[in-house]
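# Descriptive structure summary
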Amino acid sequence: MQPVGPYRFTHMLGTCPAGKAWAAIDGQGRLVTIAVLNAAVADAPGWREAFVGTANGLAQAPGGQTFAYADFSAAEPWVAYPAEAGPGAERLFRALGQDYQPVPTEGVPAAPVSGIPQQVSGVPQQVSGIPQQVSGVPQQVSGIPQQVSGVPQQVSGVPQQVSGVPQLTSGPPPAPWALHAGPPVAPNPNPAPTQPATDEPQPPAVGPVDAPPPHDPFAAPVRRIQPSAPPKRRTGLWVKVAALALAVAVGSGVAVWALAPDEPTDPDIPPTVGATAFPTAAAVDPPLKPWAQAAPYSPEERALAVAAPALVFVETVFTGYVRDASTNAPIRATPITFTRRCSAFVVTPDGHALTSSACVKPTQETARQIALDTVARMLVREQTLVPAQVQEYIRTNMGKTKFTGIDPGTEPGTEIHGQLNTAKGNLTTEPAIPAQVVRALPPDTGNIALIKLGRGSLPVAELNPSATLTDGSSLLIVGFATTDDDFRTATYGPKSKLVGITGTGRRGSASISRINQDLGTTSHGGIALDASGRVAGMIDQDQARPDRANRVIVPSSSLNALIGEAGTANKLGDSDKLYRKALDAYFAGQHSAAITQFDAVAQASPGNLLAKAYRQNAVERQQNESEPSDQSVWLMALLAGAGGAIFVGLIVLVVMLVRRRRDV
């Protein structure tokens, strides 16, 4: 069995009518079990879809089994499961309703049962017993074969020459497909004389000397019928026949090989790819893997692959003083600092990005409320307040204070940084990118902001201003989230989820849509995608909910209007266009072109880790698909050659039979 993807098979675990289960190992020495669907079954209507649906269903079910890797588009689709998760391949086949049979691990190797008659040499053996019926897919039989008897079957073919004196055997000859066992039957010690196998008349047997032969009136001194001379061996003819058959076989194979269609070539020059089953370059591990978040080669995977590189993690640090509103005296001698974290996405090649105003430029009331909450928790640590008094402290002082900069009447200081891919909290150095607010709308008119990152050549997301958000329709949302409990050292990564629209509302003059799920507290400012991977809207807080969960979608029409008011426009760069072209080639199976284009994208836009990851996937799929195509061409050539040789043999056999009939 050839290696599959990044795995090398070690041994078979079991079989079923639809496929096989294998044990394998990856490049890092990790063990997996792989379920491989037979090519003939995969080509049958509905089977490939059932295989894909069952694997994804088991992975998405609560407590289900998640596969490590899969290739559902291969000629023989396969799914790999980590070995520590148990017999994943077996569970998949059983979930498909298959009669799964584990391969025996002890005993002698099994002998395959075949419907092709086998040649039987030596003395025929007597066979008895009841024949065993074999149904379904042929299974291997191990152990002691069962004796079989029944009506003797005639074996056709060229008679085999027997040398020596023929030995008698007891019982009828066995059927050629039966399995035989037991010691050979001993020949009769006193065999009866046999006649030579010839058509020539035999001389009479010589009697005893004292018994003269009876008088034969028809006897003559000269023998009337002279035996004909044995026919000359036609060695030269058979040599010519063999040479002709060999020539036809070779010629047919070469013709089929020459006429076989070549692999489709891409217009670009393919890169040099090693012949090993494992990639030689360092593996790329993007934080968001579209092929794992959605079904491989599905519209959801492609939509995530298109837009996810443009997602940005944003962290804003606010610094100022909480002052008495009437005297401007600070209520704390030290400055108050608090942090806001959210998501954003790049909309121009020079670094403009859209996010939530509440994250980068909150209202004075919101900033004052957060600052007072920070002061109250300081007082709790100083044991001046108890935790139960925090909300009352904020409510009492909201109307008496204001939050300003270093000097009264100035804005609090802000410091904004953005990060691509995986992000760390409280990071202000590389790879964090400084940013500043360009334009922001307050909550009652949209709650959206345009910021400018201090770096260009970033991946860009494309807006769809004409997208319609209707009740009951589905959207794919993408934003940053974390599972860490410690806010100070938390790590954030992109997450995605398929959600449904549950209703619509208004935010001032702007319309909004509400969704039934969210990704977490830092997902506002993230992307809501349509089926093509374009931005249908931006995720934001639902200000009507007590928990202010991120379950509102601001439509792309409002986002596009803000970009225009700032004097810029949403557009794709050259590397963004090439990246989408590379994805088109990848999903169309044109791996050589995809590899070349992903290489160019990775060089022009280093922050696009998915370009590198999809290049790696294309290399692996190209390697997996190259070997079966070569084998199929050689198999066609071999079958054509064998067919030509059989055809010549049949012609020669007919000619010889006609000549023999004429000689007779």
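Look up: the structure comes first, before these words.
Please read all numbers here as calculations on a predicted model, not as lab measurements. (Residues numbered from 1 in each chain as written. Predicted model: local features only at pLDDT ≥ 70, side-chain atom pairs only at ≥ 80, totals over all residues. Heavy atoms only, no water.)

## Points about the state of the cysteines
Under the definition given, this model contains 1 disulfide. The disulfide that involves Cys 342 links it to Cys 359, with 2.1 Å between the sulfurs. Of note, the bridge from Cys 342 to Cys 359 carries an S-S torsion of about -85° and is left-handed in sense. Taken together, the positions of Cys 342 in strand β8 (residues 336-346) and Cys 359 in helix α7 (residues 357-360) put the pair 17 residues apart, joining distant regions of the chain. Cys 342 sits in the buried class, given a relative accessible area of 0%. For Cys 359, a relative accessible area of 0% corresponds to the buried category. (Disulfide = S-S within 2.5 Å. Helix = DSSP H or I, 4+ residues; strand = E, 2+ residues; numbered from the N terminus. Buried < 20%, exposed > 50% of the residue type's maximum accessible area, 1.4 Å probe, protein only.)

## Remarks on the pattern of salt bridges
Tallied over the entire structure, the rule returns 17 salt bridges. Taking the shortest distance from any N to any O, the salt bridge between Arg 94 and Glu 90 comes out at 2.9 Å. One end of the pair, Arg 94, and the other, Glu 90, are both in helix α3 (residues 88-95), 4 residues apart, so they sit about a helical turn from each other. Take Glu 90: its relative accessible area is 23%, and that puts it in the partly exposed class. (Salt bridge = Lys/Arg side-chain N within 4 Å of Asp/Glu carboxyl O.)

## Re helix α10 (residues 556-565)
Buried residues of α10: Ser 556, Leu 559, Leu 562 and Ile 563, and no others. Within α10, the buried residues cover an arc of 120° as seen down the axis, which keeps them to one side. Looking one or two residues beyond α10, the residue adopting positive phi is Gly 567, at roughly 85°. (Arc of directions from axis to C-beta.)

## Side note on empty space enclosed by the protein
Rolled over the atoms, a probe as big as a water molecule pinpoints where empty space is left. Enumeration over the complete set of coordinates arrives at 2 cavities of 30 Å³ or more. Its volume calculated, the largest cavity comes out at about 90 Å³. The wall of the largest cavity is formed by Pro 286, Pro 287, Leu 288, Ala 308, Pro 309, Leu 311, Leu 420, Asn 421, Pro 494, Leu 609 and Leu 610. For the lining of the largest cavity, the residue count by class is 10 nonpolar, 1 polar and no charged. What the second largest cavity holds in volume is close to 60 Å³. Every residue lining the second largest cavity is listed: Val 306, Pro 309, Ala 310, Pro 459, Val 460, Ser 575, Asp 576, Tyr 579, Arg 580, Val 601, Ser 605 and Asn 608. (1 Å grid on protein atoms, 1.4 Å probe; cavity = no way out; pocket = protein on both sides within 12 Å on 5 of 7 lines; lining within 4 Å. Points joined across faces, edges and corners; volume = space filled by probe spheres on them. Nonpolar A, V, L, I, M, F, W, Y, C, P; charged D, E, K, R; others polar.)

## Re the sheet that holds strand β2 (residues 19-26)
On the basis of which strands lie adjacent, the open sheet formed by 6 strands has the order β4-β5-β3-β2-β1-β6 and antiparallel pairing. With one partner strand each, in any of the chains shown, β4 (69-71) and β6 (101-102) form the two edges of the open sheet. Its contacts with the sheet put α3 on β1 (7-16), β2, β3 (31-37) and β5 (78-82), and the angle it makes with β3 is roughly 30°. (Pairing = 2+ DSSP bridges. Contact = heavy atoms within 4.5 Å. Axes fitted to C-alpha atoms, helices over the stretch in contact; angles between N-to-C directions.)

## Section: the environment of Ala 303
Note that Ala 303 resides in helix α6 (residues 299-307). Dropping the residues within four chain positions of it, Ala 303 is found in contact with Leu 529, Asp 530, Ala 531 and Gly 533.

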